[in-house]
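Letter by letter, the chains look like this.
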Amino acid sequence: MIDSLSEDTCWMFLVRHGATDFNLKQPTVLQGNGINGPLAAIGQQQAALTGKFLSAFSFDSVYSSPMVRAIETAERIVPGREIVPVPEIVEADVGRWLGRDWEDIQNADPEAYRLHQEDPSIHPYPEGESATDVARRTVPALTKIMNENLGKRVLVVAHNIVIRVMVAHLYQIPLKQFRTIRQDNCCVNVIRYRQEKAELVTCNSTFHLSELNQ
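Residues numbered from 1 in each chain as written. Predicted model: local features only at pLDDT ≥ 70, side-chain atom pairs only at ≥ 80, totals over all residues. Heavy atoms only, no water.

1. Regarding the nonpolar core
Condition: In these notes, a set of buried Ala, Val, Leu, Ile, Met, Phe, Trp, Tyr and Cys residues joined through side-chain atoms within 4.5 Å is what counts as a nonpolar core. When accessible area is computed with a 1.4 Å probe and restricted to protein chains, residues below 20% of their type maximum are described as buried, those above 50% as exposed, and intermediate ones as partly exposed. Counting from the N terminus, the helices are DSSP H or I runs at least four residues long and the strands are E runs at least two residues long. Should any heavy atoms of two residues lie within 4.5 Å, those residues are counted as being in contact.
Formed by 38 residues in total, the largest nonpolar core has its most connected members in M12, L14 and V156. Those elements giving two or more residues to this core turn out to be strand 1 (9–16), helix 5 (110–118), helix 6 (131–147), strand 4 (153–158), helix 7 (160–171) and strand 5 (188–194). The contacts of V156, once residues within four sequence positions are left out, are M12, F13, L14, V15, Y63, I89, L142 and I145.

Below, the structure written as structure tokens:
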């Protein structure tokens, strides 16, 4: 049970940050780790509702990507708590596509777009990272947090691509297909780590945000 703790188990609540103005644009604009802006008003609401939902649980430690949108989300989920920044879980470097939307990218950079969509694990964002690059830094970092927090419950706030590659790792989904994994803003994922094995218990839970969609 998520609400019970044992000495050999870590429960990680892995949350995507709330929405930013760039997330809300149609089509969505790529912000990666190069645009470090704050939450939009609805992102602040999402984070507050996530905090209300997770108030049923006590967290021994709180970790976050050092990016503003992630830190602001963590602050609203657990006000007043110390937040430990984890540089390894910043969002992907989207290279020369920073600040551009997919429609513009497809029209202006069709071959690089085709290759990246075909297999983002080996074809990176041009001048940026591939899904494999992101996995190489984020999966060990998140696993290390769990290893260091046996017998505890931790909150971690990170980013879309970061969480997608972690979920792909846990489900053993090829990184070529990591975009088939949905991660909405302020969704909650729950991972149980025990005997050096991580199991995804909950993925992309957003029931707590339902009042914003009415």
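This is not the end of the story, as more comes after the structure.
2. Some points on the pairing of strand 5
Keep this limit in mind: Strands qualify as paired when DSSP identifies two bridges or more between them.
For strand 5, the tally of buried residues reaches five of seven residues, placing the bulk of the element in the interior. Of the strand pairs in this sheet, strand 1 and strand 5 are connected by seven bridges, and their pairing is antiparallel. The residue of strand 5 that forms the bridge with W11 is R192. Where strand 5 lies against strand 6 (residues 197–205), six bridges are found, and the strand directions are antiparallel. Within the sheet, the bridge partner assigned to R194 lies in strand 6 and is K197. The turn linking strand 5 back onto strand 6 is made up of two residues, and Q195 within it adopts a positive phi angle of 55°.

3. Some remarks on helix 2 (residues 41–54)
What counts is decided by this rule: Under the convention used throughout, the expected extent of a helix is 1.5 Å for every residue step, that is, one less than its residue count.
For helix 2, spanning 14 residues, the distance from its first C-alpha to its last is 20 Å, which sits close to the expected 20 Å at 1.5 Å a residue. Listing the buried residues of helix 2 in full gives G43, Q46, A47, L49, T50, G51 and L54.

4. Examining the pattern of salt bridges
Formally: The term salt bridge refers to a pairing of a side-chain nitrogen on Lys or Arg with a carboxyl oxygen on Asp or Glu at a separation within 4 Å.
Scanning the model with the defined rule gives ten salt bridges in all. One salt bridge connects E118 with R114, and the closest N-O pair in it is separated by 3.0 Å. You can see E118 and its partner R114 sitting in helix 5, four residues apart, about one turn around the helix. Using a relative accessible area of 39% as the deciding quantity, one classes R114 as partly exposed. For E199, the salt bridge goes to R192, with nearest N and O atoms at 2.4 Å.

Shape is all these values report; function is a separate question.
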